Amino acid sequence: MGAIHAVRFTGFIGETYRRYPFPLRQEDFKQKLEGHKTQAIFREMIENYAVRTQIPFVADSAKREVSVGEYRFSPERFHELVNYVWVGGMPRYRDERRPEYVLDMKNSLQRSTHWLFEGLTL
């Protein structure tokens, strides 16, 4: 939280803040539609703090359970994760406008006949 509060700039979030300072007012901290334009920069930055790995994703219809790595979710809780992405996470999207890839996600999920997305509302 040190970097988020502009008092200590360590780790990935600290490096992020040094390069792209957060707004002073928390209500001004929002996801931006053009965020994808800096993806290569962030990929390079995060390589100093993380190791690339594959995380298994399993949707088990018999158990009615979703596994993302070691974390397990009921379909309803997984829907909450999808909705978290839909709204832009903790800071939300600026002006409630979503990037194209999030709109594409919504359209794909709404067309899906997979059991996991039954009852999903975005």
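Up top is the structure these notes are about.
As the structure is a computational prediction, the values presented were derived from the model and not from experiment. (Residues numbered from 1 in each chain as written. Predicted model: local features only at pLDDT ≥ 70, side-chain atom pairs only at ≥ 80, totals over all residues. Heavy atoms only, no water.)

Peer 1: Tell me what's going on with the overall build of the protein chain, and back it up with residues and numbers.
Peer 2: Tallying secondary structure elements over the protein chain gives four helices and three strands in all. Traced from its N-terminal end to its C-terminal end, the protein chain shows the element sequence α-α-β-β-β-α-α. In terms of overall dimensions, the protein chain is more spread out than a globule: its C-alpha atoms have a radius of gyration of 17 Å, far above the 14 Å expected for 122 residues. Taken along its principal axes, the extent of the C-alpha atoms in the protein chain is 50 × 35 × 25 Å. For the protein chain, the residues scored as buried account for 22% of the 122 residues in total. The long-range fraction of contacts in the protein chain, counting pairs at least 24 apart against all pairs at least 6 apart in sequence, stands at 48%. (Helix = DSSP H or I, 4+ residues; strand = E, 2+ residues; numbered from the N terminus. Rg over C-alpha atoms; globule rule 2.2 N^0.38 Å. Buried < 20%, exposed > 50% of the residue type's maximum accessible area, 1.4 Å probe, protein only. Contact = heavy atoms within 4.5 Å.)

Peer 1: Tell me about the sheet that holds strand β3 (residues 71-73), residues and numbers included.
Peer 2: The strand order across the open sheet formed by three strands is β1-β2-β3, and the pairing between neighbours is antiparallel. The strands lining the two open edges of the sheet, one partner per strand, are β1 (57-60) and β3. Strand after strand, the sheet turns through a mean of 15° between neighbouring axes, direction not considered. As judged from the four bridges shared by β1 and strand β2 (residues 65-68), these two strands associate in the antiparallel manner. Among the inter-strand pairings, V58 is bridged to a residue of β2, identified as S67. Contacting β1, β2 and β3, helix α3 (residues 75-87) runs over the sheet at an angle of about 105° to β3. (Pairing = 2+ DSSP bridges. Axes fitted to C-alpha atoms, helices over the stretch in contact; angles between N-to-C directions.)

Peer 1: With reference to specific residues and values, describe the nonpolar core.
Peer 2: One finds V66, F78, V82, L109, W115, L116, F117 and L120 forming the largest nonpolar core, which totals eight residues. Ignoring sequence-local partners within four residues, the contact set of W115 consists of A59, D60, S61, R64, E65 and P75. (Core = buried A, V, L, I, M, F, W, Y, C linked by side-chain atoms within 4.5 Å.)

Peer 1: Which residues make up the pattern of salt bridges, and what values go with them?
Peer 2: According to the stated counting rule, one finds five salt bridges in the structure shown. Salt-bridge contacts for E34 lead to R94; the nearest nitrogen and oxygen are separated by 3.2 Å. You can see E34 sitting in the loop between α1 (11-19) and α2 (39-46) and its partner R94 sitting in the loop between α3 and α4 (100-111), a full 60 residues away along the chain. Overall, the relative accessible area of 32% leaves E34 in the partly exposed class. Here R77 makes a salt bridge to E80, at a shortest N to O gap of 2.5 Å. Residue R77 and its partner E80 are located together in helix α3, separated by three residues, close to a single helical turn. For E80, a relative accessible area of 45% translates into the label partly exposed. The structure contains a network of salt bridges with shared partners spanning R25, E27 and D28. (Salt bridge = Lys/Arg side-chain N within 4 Å of Asp/Glu carboxyl O.)

Take it as geometry only, folks, not as evidence of what the structure does.
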